[in-house]
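# Descriptive structure summary
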Number of protein chains: 2
Amino acid sequence: MKPTIRDVAKMAGVSISTVSRVMNSPESVVEAKRSRVLEAIEKLQYQPNAFARGLIYRKSFTLGLLIPDIENMYFAGIIRGMQDACVKLGYSLMICNTDRDKDRLLSYIDAFREKQVDGIVFASDILYPEYYEKLTACRIPFVLLSSHSDEFEVPSVEVDDEEAAYEAVKFLIELGHREIGMIGFNHVNSVSGPPRYEGFIRAMKEGGLTHNIEKVAYAEHRFEQAYHATHELFSAHPDITAVFCVADEFAMGTISYLKDRNILVPGQVSVVGFDNLRMANMFIPKLTTVAQPIYELGYRAAEKLHELLTTGSVKVPKEMMKHKLIVRESSRQR
Amino acid sequence: MKPTIRDVAKMAGVSISTVSRVMNSPESVVEAKRSRVLEAIEKLQYQPNAFARGLIYRKSFTLGLLIPDIENMYFAGIIRGMQDACVKLGYSLMICNTDRDKDRLLSYIDAFREKQVDGIVFASDILYPEYYEKLTACRIPFVLLSSHSDEFEVPSVEVDDEEAAYEAVKFLIELGHREIGMIGFNHVNSVSGPPRYEGFIRAMKEGGLTHNIEKVAYAEHRFEQAYHATHELFSAHPDITAVFCVADEFAMGTISYLKDRNILVPGQVSVVGFDNLRMANMFIPKLTTVAQPIYELGYRAAEKLHELLTTGSVKVPKEMMKHKLIVRESSRQR
DNA sequence: AAGGTAATTGTAAGCGCTTAAAAAAGTTAT
DNA sequence: ATAACTTTTTTAAGCGCTTACAATTACCTT
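Described in the following lines is the structure provided in the data block.

What counts and how
- Residues numbered from 1 in each chain as written.
- Chains lettered and ligands numbered in written order.
- Predicted model: local features only at pLDDT ≥ 70, side-chain atom pairs only at ≥ 80, totals over all residues.
- Heavy atoms only, no water.
- Buried < 20%, exposed > 50% of the residue type's maximum accessible area, 1.4 Å probe, protein only.
- Helix = DSSP H or I, 4+ residues; strand = E, 2+ residues; numbered from the N terminus.
- Arc of directions from axis to C-beta.
- Contact = heavy atoms within 4.5 Å.
- Near = heavy atom within 4 Å.
- Polar contact = N/O pair within 3.5 Å; in protein donor to acceptor, adjacent residues only side chain to side chain.
- Nonpolar A, V, L, I, M, F, W, Y, C, P; charged D, E, K, R; others polar.
- Core = buried A, V, L, I, M, F, W, Y, C linked by side-chain atoms within 4.5 Å.
- Least-squares fit on C-alpha atoms with pLDDT ≥ 70 in both.
- Axes fitted to C-alpha atoms, helices over the stretch in contact; angles between N-to-C directions.
- Parallel < 35°, antiparallel > 145°, perpendicular 65-115°, else oblique.
- Left-handed = near helix turned anticlockwise from the far one by under 90°.
- Buried area = accessible area lost by both parts, 1.4 Å probe.
- Salt bridge = Lys/Arg side-chain N within 4 Å of Asp/Glu carboxyl O.
- Pairing = 2+ DSSP bridges.

### Regarding helix α2 (residues 16-24) of chain B
All names here are of chain B. Among the residues of α2, those classed as buried are T18, V19 and V22. Relative to the axis of α2, the buried residues are bounded by an arc of 100° and lie together on one face. Looking at the buried residues of α2, the elements they touch are α1 (5-12) and α3 (31-44).

Now the structure itself:
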């Protein structure tokens, strides 16, 4: 049987409230007793029961993280960052992978509520009214990660997708490319799909290359789809010499396709990715990509949630973190 | 304020114990009242407080997962499998990433204990006596995943590393290779390092190729280290025509090194990986590799832990799951 | 030494739930 | 109609902890 506060009290020869005070406000207990209690705690390996405390404080010191796809390496970094922040803040972390399934997501929110998580980080997904209402009805505070809401007032941490995409495409233009395509996220159900597309458009307009605006093919998250999208893109526009991919995984799909068609990257076609996953540096060729501060995004999201939980609000409701173009081997001067 | 069982009782005009019974043994409550209670529950969106239940049942319906490196894609599949099993079994999952840090691991066990997780899956790490004792002292049941213990009696789920490695190397021999090297895990602190090395040795002996036994270089988990290890390996043995890598990430490191040296894969050198990560199919060239049933390993580990929790023991203490060689593009007939 | 104040400790209520035991309500047999 | 059961419901204790409040002890003053 796990020792309880009674066992400690008995061993130390004090009442349970004294033991409790030793743990919660040690200075209010006279030194002699305090050390006896501490000794008993040590000897019994006593640890307070989180259920009992939770019942009283109505807090679990646990945060929830909702991610759409654990197999996307992006989230490995998010998780690391968030977990480190949780350790620092004295919280535990409960991660739920929705596999982009609406029902799963909703039922995970229920699970979070039942387990009384103190707050949730909602990552990389659109905050549909349905979700917002559920979360609000459950009275669980939450923040958005790599997402934001225009409709509702919800704190968020993300990267400036439009600007980041713009810079990536601008880089391609500066490299001398004139026929530039894009592999984007399907705009439906996508948070970063539209802004990254807008960034592409802005760069094109600015560069006087508006004829490229239609050179866009779409995929949904996975390598294989990006591969097929690239096929469509190049079938329709064989003259393309550079492709902006809105995800590193897409860039890999694109490069694989080009490889299979014996088109050299970066020799004939330059490819720029997005995210700077760990894989971006392992792929052949190493990917030129727009780096997101992935770890930091996770870290900040947890901090922000904590701020929301402890102060009731948040200083910077919509926080943008810095991206950075990283030039490697998949792009080249035209 | 979240509604409590009292609110439901009041609304339904019954005592709280009736409400409780509606939830726990509905047949013991007469239909008329039962439906009134159910209605009240629905109307109030009532959900029992997990703290209160936990206090009584001494169960959290939460499992813990301890993994060494969330950035290793291997664990993404493990997590998916385990989470799906948890959903099926009515459990929540708490994941902790130790970053291979002993102190972190130990403190996560404390956190698990405090949060009263019902059991732990301990993945891909050696069960040191220190860990075993801590877990035992905390009285938390646990199972090993992609690991096992000869020293202690602990249920485990894994793949037959020795046999799998043996088959991979045998495949290379059958392809006609005679000068075969290996990029292995450092044997210290490694679970699968030794058996995979043994498999390599066995295949070599069987093939009468014992001169290869010393053609082994070691790395610890990461791409960059595998890259360097490959450099060592080829510096010492430039005649190698095939490399068995004990992880897909190593295979990528090896191939990257060879690429940088203008050595063609599979043209001049064949490379076989291990794991069959999702990336194995995205890399260029696609990796020939020994597939582990990653998702299933996670799933089974959770099931096994559940079996241990509910029955107190486990039918098959040391369970081996099937591996399978998958031939893709990184290997070729010599 | 008595009285007053401050510091320390103990008692008991209560967090939201389950469940054994007691009480109430409903059935059946006489 | 009443006794003797059976079924259903309520009462109350308790899970392990915190904390307001009461009780005790220690320490000053005069």
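### A look at the protein's contact with DNA strand C
Close to DNA strand C lie 26 residues, the nearest being A:T18, A:R58, B:I5, B:S20 and B:Y46. Close to the protein, within 4 Å, the atoms of DNA strand C belong to sugar or phosphate groups at a rate of 70%. B:I5 has a polar backbone atom sitting 2.3 Å from a phosphate oxygen of DNA strand C. Note that a phosphate oxygen of DNA strand C is positioned 2.6 Å from one of the side-chain N or O atoms of B:S20. Listing elements by their share of the surface near DNA strand C, those giving two or more residues are α2 (16-24) and α4 (50-57) of chain A together with α2 and α4 (50-57) of chain B. Here the surface near DNA strand C is composed, by residue class, of 13 nonpolar, nine polar and four charged.

### Focus: the nonpolar core
Grouped together as the largest cluster of nonpolar side chains are 168 residues, with contacts concentrated most on A:I183, A:F244, A:M279, B:I183, B:F244 and B:M279. Look past the residues within four positions of A:M279 in its chain and what remains in contact with it is A:M73, A:M252, B:M252, B:M279 and B:F283. Counting 42 residues, the second-largest nonpolar core is a separate cluster that includes B:L66, B:F112, B:V117 and B:Y128.

### Some words on the relation of the copies chain A and chain B
Structural alignment of chain A on chain B gives an RMSD of 0.0 Å, achieved by rotating through 180° and translating 0.0 Å along the axis. Interpreted geometrically, this transformation is the action of a two-fold axis. Taken together, the interface assignments show that 100% of the residues at the interface of chain A recur at the interface of chain B, consistent with an identical surface on both copies.

### Description of the packing of α1(B) against α3(B)
Residue and element names in this part refer to chain B. Relative orientation of the contacting elements α1 and α3 amounts to 125°, with a least axis distance of 9 Å. When the axes of α1 and α3 are compared, the pair comes out oblique. Crossing handedness for the pair α1 and α3: right-handed. Side by side, α1 and α3 meet where D7, V8, M11 and A12 of the first sit next to R36, V37, A40, I41, K43 and L44 of the second. Of the residues assigned to the contact of α1 with α3, the class counts are seven nonpolar, no polar and three charged.

### A short note on the interface of chain A and chain B
Listed per partner, the contact involves 58 residues of chain A and 58 residues of chain B. Buried area between chain A and chain B, both sides added, is near 5500 Å², and the carbon and sulfur share of it is 55%. Contact with chain B buries area across many residues of chain A, yet A:F51, A:R278 and A:I284 alone supply 14% of it, more than any other trio. For A:R278, the salt bridge goes to B:E249, with nearest N and O atoms at 2.9 Å. Looking at the side of chain A that touches chain B, the elements that each hand over two or more residues are α4, α5 (74-89), β2 (92-97), α6 (102-114), α10 (223-236) and α11 (248-260) of chain A. Element by element, the count of residues in the side of chain A that touches chain B is highest for α5(A), at seven residues. By residue class, the composition of the side of chain A that touches chain B is 25 nonpolar, 14 polar and 19 charged.

### Observations concerning the sheet that holds strand β5 (residues 156-159) of chain A
Residue and element names in this part refer to chain A. Taken in spatial order, the six strands of this open sheet run β2-β1-β3-β4-β5-β11, and their pairing is parallel. The open sheet has two free edges, formed respectively by β2 and β11 (318-321), since each of these has just one partner strand. Neighbour to neighbour, the strand axes of the sheet diverge by 20° on average, direction disregarded. In this sheet, β11 lies alongside β5 in parallel orientation, the contact comprising four bridges. In the strand pairing of β11, S156 is matched with K318. Strands β1 (62-67), β2 and β3 (119-123) of the sheet are contacted by α6, whose axis makes an angle of about 180° with β1.

### Examining the packing of helix α8 (residues 161-174) of chain A against helix α9 (residues 193-206) of chain A
Residue and element names in this part refer to chain A. One way to put it is that α8 packs onto α9 with a least axis distance of 7 Å and a crossing angle of 40°. Judged by the angle between their axes, α8 and α9 are oblique. Considering only the axes of α8 and α9, their crossing is right-handed. Listed contacts from α9 to D161, E162, E163, A165, Y166, V169, K170 and I173 of α8 are P195, R196, E198, G199, F200, R202, A203, M204 and E206. Considering only residue class, the contact of α8 with α9 consists of eight nonpolar, one polar and eight charged.

### Things to note about the sheet that holds strand β11 (residues 318-321) of chain B
Residues and elements named next belong to chain B. The six strands lie next to each other as β2-β1-β3-β4-β5-β11, forming an open sheet whose pairing is parallel. Because the sheet does not close on itself, it has two edges, and the strands there are β2 (92-97) and β11. With direction set aside, neighbouring strand axes in the sheet form an average angle of 20°. Across two bridges, strand β4 (residues 142-145) lies against strand β5 (residues 156-159) in parallel orientation. If you follow L144 over to β5, its bridge partner there is S156. In the packing of helix α5 (residues 74-89) onto the sheet, contacts are made with β1 (62-67), β2, β3 (119-123) and β4, and the angle to β1 comes to roughly 170°.

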